[in-house]
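Overview (structure and organization)
Spelled out from the first residue to the last, the chains are:
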Amino acid sequence: MSTRLEIQDLTHSYGGDRPALSGLTLSVEPGELVALLGPSGCGKTTALKIIAGLLSPTAGDVRIGGRSVLNVPPEQREAAMVFQKSLLFPHMTVESNVGFGLRMRGTPRGEMRERVERALRRVHMGGFATRKPAALSGGQQQRVALARALVTEPRLLLLDEPLSALDANLREGMRGLIKEVQREGKHTTVFVTHDQEEAVILADRIALVTDGHLRMYDRPEAFYDRPLNREIAEFFGAANFLHGQARNGTVETPLGALKLAIPATSGEVTLTIRPEAVRLEGGENSFSARVREATYLGTQVLYGLEASGGVALKAALPPHTRLTVGDDVLVRLPAESLWALGR
Ligand code: ATP
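Residues numbered from 1 in each chain as written. Predicted model: local features only at pLDDT ≥ 70, side-chain atom pairs only at ≥ 80, totals over all residues. Heavy atoms only, no water.

Here's the deal with the domain arrangement of the chain
To be explicit about the condition: Just so you know, the domain bounds were taken from an automatic or database domain assignment.
According to the domain assignment, the chain contains domain 1 (5-225) and domain 2 (237-340). The gap between the C-alpha centroids of domain 1 and domain 2 is 40 Å.

Here it is in structure tokens:
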């Protein structure tokens with residue numbers, strides 16, 4: 001079931017000197033998966049609790065399907081949450097755990113059994129209905145928690161770091177499963193995480209939040225290709241920054257005049273380029289540099305380069321590129337990969 005979620009100017013203060021959330025505004029389209037990404041303490045869980053109705057905001061509004069839900073109690077918001085820990089009832093079987101919400105609503109027995117079975121099948125746990133949580137692995141428990149959320153056919157799926165307690169390989173499988181059930185059920189989903197890679201893999205759009213403020217809201221690739229500012233670029237692992245003066249469509253830098261596919265507005269600018277976009281060749285925007293460092297990373301080699309004027313750059317190149325420290329090379333920064341950051 002798909003619905004639009006709108007968060008408008010959401011502010012929340014727990015009474016400390018700085019609010020946990022400040023004027024958060026974003027809209028999640030029906031069936032979209034949005035990752036609320038940010039470092040620990042930035043206000044992600046606070047936002048999720050307000051959407052779920054577990055916390056009242058100091059100011060602002062939450063609208064589900066076009067209607068304000070601030071006065072709607074949590075159980076009537078049709079939002080299901082999955083937490084970092086599965087929080088299953090230990091004395092109940094998997095089947096009873098998953099059916100708990102339906103039982104509370106007085107769902108007839110036959111229908112309940114059918115829906116529980118279907119939810120367990122969706123998370124590939126069909127054969128585990130009679131087990132107790134203690135007889136399941138951590139990953140299996142999280143799948144049951146996901147089934148428990150899905151069984152009520154919620155309009156909104158709210159996931160609070162559901163993968164962070166799992167081992168790396170289990171996390172990968174669970175990521176795939178979340179994406180699969182979310183797409184299949186077209187659930188409008190908010191996924192809270194501090195893990196940038198997880199957000200990129202899972203999300204249709206990422207909302208980057210730091211210190212309670214929304215810093216950027218866009219598709220994952222925009223955080224790599226067109227970050228708004230240096231803080232965002234660094235959060236997404238950008239390593240190359242180059243100062244310059246923009247005029248007449250080019251940017252004067254210590255490496256010479258560089259062309260950008262999207263010209264920067266005149267004045268002082270900071271350019272960035274991803275290490276994997278740097279080329280070893282001549283042509284437009286090229287200059288000579290010396291290899292100062294080479295780190296073999298298996299799927300690529302990360303080179304530390306030093307160009308004229310002591311300008312340092314990182315270049316990530318395929319593993320078959322055999323350069324050695326001290327080699328002189330021609331380096332090109334393709335115009336379409338250079339991006340001028342906002343100030
Ligand atoms: P994490 O990833 O560590 O869970 P988060 O981004 O989800 O962090 P929140 O839990 O939303 O962050 O907390 C945001 C801020 O509000 C933090 O500074 C936190 O210390 C504070 N905070 C959270 N809950 C409370 C509370 N019940 N009382 C007072 N302060 C709180």
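So, the site of the ligand
Quick reminder of the rule: Any residue with a heavy atom positioned within 4 Å of a molecule or strand is treated as near that molecule or strand. Each polar contact in these results corresponds to two N or O atoms within 3.5 Å; when the atoms are within protein, one needs to be able to donate a hydrogen and the other to accept it, and residues that are neighboring in sequence are counted only if both atoms are side-chain atoms. For the area figures, the Shrake-Rupley method with a 1.4 Å probe applies, and any residue is considered shielded solely by the protein chains shown. Gly is placed with the polar residues, together with every amino acid not listed as nonpolar (Ala, Val, Leu, Ile, Met, Phe, Trp, Tyr, Cys and Pro) or charged (Asp, Glu, Lys and Arg).
Every residue near the ligand is listed here: Tyr-14, Ala-20, Pro-39, Ser-40, Gly-41, Cys-42, Gly-43, Lys-44, Thr-45, Thr-46 and Glu-161. One of the backbone N or O atoms of Gly-43 is found 3.1 Å from an oxygen atom in the ligand. Relative to its unbound accessible area of 630 Å², the ligand is 53% covered by the protein chains. Looking at side-chain class alone, the shell around the ligand contains four nonpolar, five polar and two charged residues.

Let's talk about the pattern of salt bridges
Using the following cut-off: When a carboxyl oxygen of Asp or Glu is within 4 Å of a side-chain nitrogen of Lys or Arg, the pair counts as a salt bridge. By the criteria applied, helices consist of DSSP H or I runs no shorter than four residues and strands consist of E runs no shorter than two, each listed in order from the N terminus.
A complete count under the given rule lists 18 salt bridges for this structure. Salt-bridge contacts for Arg-183 lead to Asp-204; the nearest nitrogen and oxygen are separated by 3.1 Å. In this pair, Arg-183 is assigned in helix H5 (residues 168-185) and Asp-204 in the loop between helix H6 (196-202) and strand S9 (205-210), connecting sequence segments 21 residues apart.

Some details on the packing of aromatic side chains
For any pair of aromatic rings, the description rests on two quantities: the centre-to-centre distance and the angle between the ring planes. So the rule is basically this: Only centres within 6.5 Å qualify two rings of Phe, Tyr or Trp (six-membered ring in Trp) as a pair; their planes then separate them into stacked at under 30 degrees, edge-to-face at over 60, and tilted for everything else. Sitting over a ring, as applied to charges here, requires NZ of Lys or CZ of Arg to be within 6 Å of the ring centre and within 35 degrees of the ring normal.
Tallied over the entire structure, the rule returns four aromatic pairs. Considering the side-chain rings of Tyr-224 and Phe-236, the 5.5 Å spacing of their centres and the 85° angle between planes classify their relative orientation as edge-to-face. Of this pair, Tyr-224 sits in helix H7 (residues 220-225) while Phe-236 sits in the loop between helix H8 (230-235) and strand S11 (240-247); the two residues are twelve residues apart in sequence, bridging distant segments of the chain. Cluster of aromatic residues (ring-pair linked, three or more members): Phe-223, Tyr-224, Phe-235 and Phe-236. One residue, Arg-230, lies across the ring of Phe-241, its end atom 3.9 Å from the ring centre.

A word on the side chain of Thr-93
We count it as follows: In what follows, residue pairs with any heavy atoms lying within 4.5 Å of each other are defined as contacts.
Mapped onto the elements of the fold, Thr-93 is located in the loop between strand S6 (79-82) and helix H2 (94-104). There is a polar contact of 3.0 Å between the side chain of Thr-93 and the side chain of Ser-96. If we skip the residues at most four places from it in the chain, Thr-93 touches Ala-129, Thr-130, Arg-131 and Lys-132.

Quick notes on the environment of Thr-265
Note the cut-off: Here's how the labels work: a residue is buried when its accessible area is under 20% of the maximum for its type, exposed when over 50%, partly exposed in between, all with a 1.4 Å probe on protein chains only.
Mapping Thr-265 onto the fold places it in the loop between strand S13 (256-259) and strand S14 (267-273). When its relative accessible area of 61% is taken as the criterion, Thr-265 is described as exposed. On a C-alpha basis, the gap between Thr-265 and Gly-60 in space is 35 Å, while along the polypeptide they are 205 residues apart.

As for the layout of surface pockets
Over the atoms a probe the size of a water molecule is rolled, and this reveals where empty space is left. Rules: Lining residues are those with an atom within 4 Å of a point, where the points come from a 1 Å grid over the protein atoms alone and group into cavities, where a 1.4 Å probe fits but cannot get out, or pockets, open sets with protein on both sides within 12 Å along at least five of seven lines. Grid points are joined across faces, edges and corners, and a volume is the space filled by probe spheres set on the points.
When its volume is computed, the largest pocket comes out at roughly 770 Å³. Lining the largest pocket are 27 residues; nearest its centre among them are Ala-79, Ala-80, Met-81, Arg-105 and Thr-152. Elements with a contribution of two residues or more to the lining of the largest pocket: S6, H2 and helix H4 (138-150). Taken together, the residues that form the lining of the largest pocket break down as 18 nonpolar, three polar and six charged.

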